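Now for the letters of each chain:
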Amino acid sequence: MPKLQLSFHGTFALKKEDLLKILQACIEEKGLDDTKERLMERTGLGNQKVTPMKSWAVRAGLVSKNYLTTEAKVVLDKDPYLQSPITDWLIHFYLSFGDKGLTKPPNDPADWGGWSYFVHSFLLECRSFTLNDLVQRSAAIFNQETEERLTENFKIVLKAYVLPPNKKEESPLKACQFITLEEDKFTTENAALPNAYLIAYFLTKLWERDFGNTTSVLTTDIIEQKMGLAPILSVEKEALQEHLNQLETLALIEQRRTVSPSQVIRRWHDPITLLEKAYGY
């Protein structure tokens, strides 16, 4: 039976300033391999907040084994205050896989918890919805949870993307516009898609996850990829062809379409180089 797996946040929503404190601690010699009390001193985060913020950083793909990931090093170099839309999309990308990262995906995204279910299942069927819609549908999936707990946890998920208009602060991943508010409903119709180099980075990581070192795959395998590009970007599968065409223009892939079935051939060398270029594009 799927478990919600959202208790990591301890009711603390994602906040860029707190996330940055965790990342800065990672740069120091001990990284995050320290006692809770010392981490509190080093980050200035309180007793209840320091562990959830560490978990946010791990799920965001920025911390691994108590130190910065290679991606996080690029982020802090190119975007030291975490203000770029590229950073927002990168964090969204990794959050969409729960705490499992880029391991082999399950048959049902719900098996990886509420965030994976939300991005890779729920939003495929409900591109416009209320919080109650999300809670009621997820109650049938995560039936060990009360409606109160589902509401509390999915509020935290939604706060990462959008806050009510009466809030003075901005949501941490606002630049993505992955989720926006229209009157009294949330919608996924307004995503401000990232540039081609970041989409290429996403493709390289998903390719590595599912196809390994294979140099070419069927185009349909990319378009139909489970927990793949389409739900992450909030686009219809048919729209992915346009993005593949952009990547071909940049010589990041080659497409062979004269003979069916069509194929995509990889032409990139280093995913991190693509991430770096995304910040300067």
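Here we summarise the structure given alongside this text. Since this is a predicted model, take the numbers as computed values, not measurements. (Residues numbered from 1 in each chain as written. Predicted model: local features only at pLDDT ≥ 70, side-chain atom pairs only at ≥ 80, totals over all residues. Heavy atoms only, no water.)

1. Notes on the sheet that holds strand β7 (residues 253-256)
Adjacent strands of a sheet pair through backbone hydrogen bonds, lying either parallel or antiparallel.
Move 1: With antiparallel pairing, the three strands of this open sheet are ordered in space as β6-β8-β7. The open sheet has two edge strands with one neighbour each: β6 (216-218) and β7. Strand-to-strand twist across the sheet, computed as the mean angle between neighbouring axes with direction ignored, equals 25 degrees.
Move 2: As judged from the three bridges shared by β6 and strand β8 (residues 263-266), these two strands associate in the antiparallel manner. Along β8, the bridge assignment pairs L218 with Q263.
Move 3: Relative to β6, helix α9 (residues 196-211) is tilted by about 85 degrees, and along the sheet it contacts β6, β7 and β8.
Move 4: The strands touched by helix α12 (residues 240-249) are β7 and β8; relative to β7, the strand with the most contacts, the crossing angle is about 120 degrees. (Pairing = 2+ DSSP bridges. Helix = DSSP H or I, 4+ residues; strand = E, 2+ residues; numbered from the N terminus. Axes fitted to C-alpha atoms, helices over the stretch in contact; angles between N-to-C directions. Contact = heavy atoms within 4.5 Å.)

2. Examining the packing of helix α1 (residues 16-27) against helix α3 (residues 50-59)
Move 1: Following both chains from N to C, one finds α1 and α3 inclined at 80 degrees, their axes separated by 9 Å at the closest point. Considered as vectors, α1 and α3 are oriented roughly perpendicular to each other. The segment α1 lies against α3, with D18, L19, I22 and L23 engaging V50, M53, K54, W56 and A57.
Move 2: Residues that form the contact of α1 with α3 fall into these classes: seven nonpolar, no polar and two charged. (Parallel < 35°, antiparallel > 145°, perpendicular 65-115°, else oblique. Nonpolar A, V, L, I, M, F, W, Y, C, P; charged D, E, K, R; others polar.)

3. Re the layout of surface pockets
Move 1: The calculated volume of the largest pocket comes to roughly 370 Å³.
Move 2: L14, E169, E170, S171 and P172 are, among the 17 residues lining the largest pocket, the residues nearest its centre.
Move 3: Here the residues of the lining of the largest pocket are counted per class, giving six nonpolar, two polar and nine charged. (1 Å grid on protein atoms, 1.4 Å probe; cavity = no way out; pocket = protein on both sides within 12 Å on 5 of 7 lines; lining within 4 Å. Points joined across faces, edges and corners; volume = space filled by probe spheres on them.)

4. So, the side chain of H92
Move 1: One can find H92 in helix α5 (residues 85-95).
Move 2: Take H92: its relative accessible area is 0%, and that puts it in the buried class.
Move 3: Apart from the residues lying within four places of it in its own chain, the contact partners of H92 are V119, Y161, L173, C176, F178 and I232. (Buried < 20%, exposed > 50% of the residue type's maximum accessible area, 1.4 Å probe, protein only.)

5. Quick look at the pairing of β7
Move 1: Burial along β7 is one-sided: the residues I253 and Q255 are buried and none of E254 and R256 is.
Move 2: Where β7 folds back on β8, the antiparallel hairpin that results is connected by six residues.

6. Observations concerning the packing of aromatic side chains
Move 1: Here the structure, examined in full by the defined rule, presents 19 aromatic pairs.
Move 2: Judged by centre distance (5.3 Å) and plane angle (40 degrees), the ring pair of Y161 and F178 falls under tilted. Of this pair, Y161 sits in the loop between α8 (147-159) and β4 (180-182) while F178 sits in the loop between α8 and β4, and the two are 17 residues apart along the sequence.
Move 3: A residue is classified by how much of its surface remains accessible, and Y161, at 1% relative accessible area, is buried.
Move 4: Look at Y197 and Y281: their rings are 5.1 Å apart centre to centre, the planes differ by 70 degrees, and that puts the pair in the edge-to-face class. Remark: Y281 occurs in the segment after α13 (271-280) and Y197 occurs in helix α9; sequence separation between them is 84 residues.
Move 5: Grouped by ring-pair contacts, the aromatic residues F8, W56, W89, W115, Y161 and F178 constitute a single cluster. (Phe/Tyr/Trp six-rings, centres within 6.5 Å; stacked < 30°, edge-to-face > 60°.)

7. Details of the packing of helix α7 (residues 131-141) against α8
Move 1: Where α7 meets α8, the closest approach of the two axes is 9 Å, and the angle between their N-to-C directions is 125 degrees. With respect to each other, α7 and α8 are oriented oblique. By crossing handedness, the relation of α7 to α8 is classed as right-handed. Of α8, the residues touching α7 (which contributes L131, L134, V135, Q136, S138 and A139) are E147, L150, T151, F154, K155 and L158.
Move 2: Residues that form the contact of α7 with α8 fall into these classes: seven nonpolar, three polar and two charged. (Left-handed = near helix turned anticlockwise from the far one by under 90°.)

8. Observations regarding the nonpolar core
Move 1: Of all hydrophobic cores here, the largest spans 93 residues; its most connected members are W115, F118, F129, F154, Y161, I179 and F202.
Move 2: Ranked by residues supplied to this core, first place goes to α9 with eleven residues.
Move 3: Non-local contacts of F202, meaning those with residues more than four positions away in its chain, are made with W89, L90, F93, P194, L229, I232 and L233. (Core = buried A, V, L, I, M, F, W, Y, C linked by side-chain atoms within 4.5 Å.)

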